[in-house]
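Each chain, letter by letter, is given below.
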Amino acid sequence: GALKAVTSSIPIVFVGHADPVETGHVASLARPGGNITGMAVLQTELGPKGLELLHAVVPSATRVAVLWHQGTPSAVPGLKALEGPARTLGLKMQPVGARSAGELESAFATMVKAGAEAALVFNTVPFNNARGRIVELAGAHRLPTMYQGRLFIEAGGLMSYYPKHEDFWRRSAAYADKILRGAKPADLPVEQPTKFELIINLKTAKALGLTI
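Every chain begins its residue count from 1, and numbering advances along the sequence as written. Selection of residues for local features in this predicted model requires a pLDDT of at least 70, selection of side-chain atom pairs for listing and counting requires 80 or more, and totals for whole chains, interfaces and linings are taken over all residues. Each side-chain value is worked out from all heavy atoms of the structure, with water and hydrogens disregarded.

Notes on the overall build of the protein chain
Link 1 in the chain: Going along the chain from the N terminus, every DSSP run of H or I of four or more residues is numbered as a helix, and every run of E of two or more is numbered as a strand. Scanning the protein chain from terminus to terminus reveals nine helices and eight strands.
Link 2 in the chain: We take the radius of gyration over the C-alpha atoms and set the globule estimate at 2.2 Å times the residue count to the 0.38 power. Relative to the globule expectation of 17 Å for 212 residues, the C-alpha radius of gyration of the protein chain, 18 Å, shows essentially globular dimensions.
Link 3 in the chain: In terms of its C-alpha atoms, the protein chain occupies a principal-axis envelope of roughly 55 × 35 × 30 Å.
Link 4 in the chain: Per-residue burial over the protein chain gives 46% buried out of 212 residues.
Link 5 in the chain: In what follows, residue pairs with any heavy atoms lying within 4.5 Å of each other are defined as contacts. Counting only contacts in the protein chain whose residues sit at least 6 apart along the sequence, the fraction spanning at least 24 positions is 73%.
Link 6 in the chain: All accessible areas in this document rest on Shrake-Rupley with a 1.4 Å probe, and a residue is counted as covered only by the protein chains that are shown. Carbon together with sulfur atoms contributes 55% to the accessible area of the protein chain, which is approximately 10700 Å² in total.
Link 7 in the chain: Charged-residue counts in this description rest on Lys and Arg as positive and Asp and Glu as negative, His and the chain ends being excluded. By convention, the point assigned to a charge is CZ for Arg, NZ for Lys, CD for Glu and CG for Asp. Of the side-chain charges in the protein chain, 22 are positive and 16 negative, and the distance between the mean point of each set is 2 Å. Partly exposed residues are those whose accessible area sits between 20% and 50% of the maximum for their type, while under 20% is buried and over 50% is exposed, using a 1.4 Å probe and protein chains only.

Now the structure itself:
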């Protein structure tokens, strides 16, 4: 958003954008229409799938907290996209926002106080940077948690459903190559990943008393 405000002519390639259309960064996925294009991982599609997988692993949990970052534009449509799937699965959603790492402890306390039995964490740079603390708090409160990214599982998180980061960089490099050869971002459709990873930390699952 900040880059778009600065220039409407210099080509910009984004990596793993969670909702480029809703935020107004592109006109549409097929026809970006401006100076911006790249790889998109739509939070509106990723969240429901993660919720479904979390429910499959912890079917007894009927109240699921969703940790979202209030400064990330894709979070609000991402939350709305969970409403229908949650009703279908018979789940009650509990959105809990946090703006900084300093608010994480109170966010998890709020989840537990309201009776959350599992949690879903939306992907955003501030949460990625604070992943160690998030995983630690989820473990301390014994909340089975679905993350969006392998890094959370390497830090000890329970499970993740997300594309490989390497694929983002590879495809983004291809965009840059095309643009350097004369292509216009407006004419390069936004791509979405075709491969996703479901990763489960069995050590964490055992600690939570879950059988995978």
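What to know about helix α2 (residues 43-57)
Link 1 in the chain: For α2, which comprises 15 residues, the first-to-last C-alpha distance of 21 Å matches the rise-based estimate of 21 Å (1.5 Å per residue) to within 8%.
Link 2 in the chain: Residues Gln43, Leu46, Gly47, Pro48, Gly50, Leu51, Leu53, Leu54 and Val57 constitute the buried set of α2. By this rule the span expected of a helix is its residue count minus one, scaled by 1.5 Å.

Examining the nonpolar core
Link 1 in the chain: Take the buried Ala, Val, Leu, Ile, Met, Phe, Trp, Tyr and Cys residues and link them wherever side-chain atoms come within 4.5 Å; each set so joined is a nonpolar core. Leu54, Phe122, Met146, Met159 and Leu210 are the most contacted members of the largest nonpolar core, which has 28 residues in total.
Link 2 in the chain: At five residues, the largest contribution of residues to this core is made by α2.
Link 3 in the chain: Setting aside anything within four residues of it in sequence, one finds Met146 in contact with Gly50, Leu53, Leu54, Ala119, Leu120, Val121, Met159, Ser160 and Tyr161.
Link 4 in the chain: Among the nonpolar cores identified, the runner-up in size contains 22 residues, and Ala98, Leu104, Ala107 and Val135 belong to it.

Remarks on the packing of α2 against helix α3 (residues 75-89)
Link 1 in the chain: At a minimum axis distance of 8 Å, the contact between α2 and α3 shows a crossing angle of 35°. Every pair of crossing elements has a handedness; the one defined by α2 and α3 is right-handed. Contacts between α2 and α3 involve Gln43, Thr44, Gly47, Pro48, Leu51, Glu52 and His55 from the first element and Pro77, Gly78, Ala81, Leu82, Pro85, Ala86 and Leu89 from the second.
Link 2 in the chain: A breakdown of the residues in the contact of α2 with α3 according to their chemical character gives eight nonpolar, five polar and one charged. In this description, a line fitted to the C-alpha atoms serves as the axis of each element, helices being fitted only across the stretch in contact, and the angle between N-to-C directions of two axes falls anywhere from 0 to 180 degrees. By convention the crossing between two helices is left-handed if the near helix lies anticlockwise of the far one by an angle smaller than a right angle, and right-handed if it lies clockwise. Think of it as three bins: nonpolar holds Ala, Val, Leu, Ile, Met, Phe, Trp, Tyr, Cys and Pro, charged holds Asp, Glu, Lys and Arg, and polar takes everything else, Gly as well.

Digging into the packing of helix α4 (residues 104-113) against helix α6 (residues 131-140)
Link 1 in the chain: At a minimum axis separation of 10 Å, α4 and α6 run at an interaxial angle of 30°. With respect to α6, the element α4 is oriented roughly parallel. Taken as a pair, α4 and α6 cross one another with a handedness that is right-handed. The residues of α6 that touch α4, namely those facing Leu104, Glu105 and Phe108, are Arg133, Ile134, Leu137 and Ala138. Note that the term roughly parallel is reserved for angles under 35 degrees, roughly antiparallel for angles over 145, roughly perpendicular for angles of 65 to 115, and oblique for everything else.

Some words on the sheet that holds strand β5 (residues 118-121)
Link 1 in the chain: Should DSSP find at least two bridges between two strands, the strands are taken to pair. Spatially, six strands are ordered β4-β3-β5-β6-β7-β8 in an open sheet, and the strand pairing comes out mixed. Of all the strands in the sheet, the pair left with one neighbour each is β4 (92-98) and β8 (196-200). Along the sheet, successive strands turn relative to each other by an average axial angle of 20°, direction set aside.
Link 2 in the chain: The pairing of strand β3 (residues 63-69) with β4 spans seven bridges and is parallel.

A word on the pattern of salt bridges
Link 1 in the chain: Salt bridges are counted wherever a side-chain nitrogen of Lys or Arg sits within 4 Å of a carboxyl oxygen of Asp or Glu. Applying the stated criterion to the full structure yields six salt bridges.
Link 2 in the chain: We note a salt bridge from Glu52 to Lys49, for which the minimum N-O separation is 3.6 Å. On the criterion of helical spacing, the pair formed by Glu52 and Lys49 is a turn pair, its members being three residues apart in helix α2.
Link 3 in the chain: Judged by its relative accessible area of 41%, Glu52 falls in the partly exposed class.

Things to note about the side chain of Asn35
Link 1 in the chain: Counting through the fold element by element, Asn35 comes out in the loop between β1 (12-17) and β2 (36-40).
Link 2 in the chain: You can call Asn35 buried: its relative accessible area is 9%.
Link 3 in the chain: Two N or O atoms count as a polar contact when they lie within 3.5 Å, although within protein this holds only if one can serve as hydrogen donor and the other as acceptor, and sequence-adjacent residues are included solely when both atoms are side-chain atoms. Within the structure, the side chain of Asn35 is placed 2.9 Å from the backbone oxygen of Ile10, a separation counted as a polar contact.

A short note on the environment of Asn128
Link 1 in the chain: Mapping Asn128 onto the fold places it in helix α5 (residues 125-129).
Link 2 in the chain: Sequence spacing of Asn128 and Gly149 is 21 residues, and the spatial spacing of their C-alpha atoms is 8.5 Å.
Link 3 in the chain: Each residue touching Asn128, except ones within four places of it in the same chain, is listed here: Asn123 and Phe152.

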